[in-house]
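Topology and contacts: notes
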Amino acid sequence: MFLDIPDGKDPIQYVWGEMVPGIGPAAAKLSLSVYSDSTLGLREFEAARLRIAQINGCLFCQDWRTEREGQKVEETFHTAVEQWRTTADLDDRARLAAEYAELYATDHHSIDDAFWERMRRHYTDKEIVELSMCLGSWLAFGRLNRVLGLDSVCVLPSHMGQG
């Protein structure tokens, strides 16, 4: 991390809260609401989230596993997400979530009618919008933390279920 953080200050709290008090807390609220308010299934949620983390290179996000009602994806899930094109370990929804995450982050101009036709066979419009908002949050904030060097000190509140 290259930012100057005052002694005794939590880097995440300081950067996201104190440095930019008009923006940081609002961004943090969005970031946390993606976890607390998502209605997407755990596997597609994690497939999309992990693919963005892999693309961003965010150390914390790659190690994090979302927990819901005591459930987490299996330890090898990150490998399945990395190999979303060829693995047999993802169902259609999780595979599409990983694919959409990759396109969203790296080549959004190539998302075409054929892709949307496949998505709409497996996702409702509401789910597509929700997934898109989640992707935007992860892409923006995971990349922000990685670029600023905060990903090595990042933590989410304990109620979010780190793994």
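Residues numbered from 1 in each chain as written. Predicted model: local features only at pLDDT ≥ 70, side-chain atom pairs only at ≥ 80, totals over all residues. Heavy atoms only, no water.

Some details on the overall build of the protein chain
Of regular secondary structure, the protein chain possesses 8 helices and 0 strands. The linear arrangement of helices and strands in the protein chain, starting from the amino end, is α-α-α-α-α-α-α-α. What you see for the protein chain is a C-alpha radius of gyration of 16 Å, in line with the 15 Å of a compact globule of 163 residues. Along the first, second and third principal axes, the C-alpha set of the protein chain runs to 50 × 30 × 25 Å. Out of the 163 residues in the protein chain, the part that is buried amounts to 46%. (Helix = DSSP H or I, 4+ residues; strand = E, 2+ residues; numbered from the N terminus. Rg over C-alpha atoms; globule rule 2.2 N^0.38 Å. Buried < 20%, exposed > 50% of the residue type's maximum accessible area, 1.4 Å probe, protein only.)

A closer look at the packing of helix α6 (residues 92-106) against helix α7 (residues 113-122)
Between α6 and α7, the shortest axis-to-axis distance is 10 Å and the interhelical angle comes to 140°. For the pair α6 and α7, the sense of crossing is left-handed. Only Phe115, Trp116, Arg118, Met119 and His122 of α7 make contact with α6, whose side of the interface consists of Asp92, Arg93, Leu96, Glu99, Tyr100 and Leu103. Of the residues belonging to the contact of α6 with α7, the class tally is 6 nonpolar, 1 polar and 4 charged. (Axes fitted to C-alpha atoms, helices over the stretch in contact; angles between N-to-C directions. Left-handed = near helix turned anticlockwise from the far one by under 90°. Contact = heavy atoms within 4.5 Å. Nonpolar A, V, L, I, M, F, W, Y, C, P; charged D, E, K, R; others polar.)

Here's the deal with α6
Between its terminal C-alpha atoms α6 stretches 21 Å, which fits the 21 Å expected from 15 residues at 1.5 Å a residue. Of all the residues in α6, the buried ones are Arg93, Ala94, Leu96, Ala97, Ala98, Glu99, Tyr100, Ala101, Glu102, Leu103 and Ala105. Residue aspartate 91 occupies the N-cap position of α6, its side-chain oxygen lying 3.3 Å from the main-chain nitrogen of arginine 93. (Expected span 1.5 Å × (residues − 1). Polar contact = N/O pair within 3.5 Å; in protein donor to acceptor, adjacent residues only side chain to side chain.)

A word on the confidence of the model for the protein chain
The predicted coordinates of low-pLDDT regions are not to be read in fine detail. The share of residues in the protein chain with pLDDT of 70 or more is 94%, and the mean pLDDT across the chain is 88. Between residues 157-163, whose pLDDT stays under 50, and residues either more than four places distant or in other chains, the model counts 18 contacts. (pLDDT = per-residue confidence, 0-100.)

Notes on unusual backbone geometry
The phi angle at glutamate 69 is positive, at roughly 50°, despite the residue not being glycine. Relative to the helices and strands, glutamate 69 is located in the loop between α4 (59-63) and α5 (77-82).

Some points on the side chain of glutamate 127
Position of glutamate 127 among the secondary structure elements: in helix α8 (residues 125-147). Classification of glutamate 127 as buried rests on a relative accessible area of 18%. The residues touching glutamate 127, leaving out its near neighbours within four places in the chain, are Leu40, Arg93 and His122.

Here we look at empty space enclosed by the protein
This model, assessed by the stated rule, comprises 1 cavity of 30 Å³ or more. A volume near 40 Å³ is recorded for the largest cavity. In terms of lining residues, the largest cavity is bounded by Arg49, Ile52, Ala53, Asn56, Cys58, Cys61, Trp138 and Gly142. Contributions of two or more residues to the lining of the largest cavity are made by α3 (42-56) and α8. At 4 residues, α3 tops the list of elements feeding residues into the lining of the largest cavity. (1 Å grid on protein atoms, 1.4 Å probe; cavity = no way out; pocket = protein on both sides within 12 Å on 5 of 7 lines; lining within 4 Å. Points joined across faces, edges and corners; volume = space filled by probe spheres on them.)

Points about helix α1 (residues 11-19)
Three or more residues of α1 are buried, namely Pro11, Ile12, Tyr14, Val15 and Trp16. Of the residues flanking the start of α1, the one acting as N-cap is aspartate 10, its side-chain oxygen 3.1 Å from the backbone nitrogen of isoleucine 12.

With respect to the nonpolar core
The biggest cluster of nonpolar side chains holds 38 residues, and the ones touching the most others in it are Met119, Tyr123, Leu131, Leu135 and Trp138. At the level of elements, α2 (24-37), α3, α4, α5, α6, α7 and α8 are the ones that each hand at least two residues to this core. When residues of this core are assigned to their parent elements, the largest contribution, 8 residues, is made by α6. Sequence-distant contacts of leucine 131, defined by excluding residues within four places in its chain, comprise Leu40, Ala48, Ala97, Tyr100, Met119 and Tyr123. In terms of nonpolar packing, the next biggest core, distinct from the first, is built from 8 residues, Trp16, Ala27, Phe141 and Leu150 among them. (Core = buried A, V, L, I, M, F, W, Y, C linked by side-chain atoms within 4.5 Å.)

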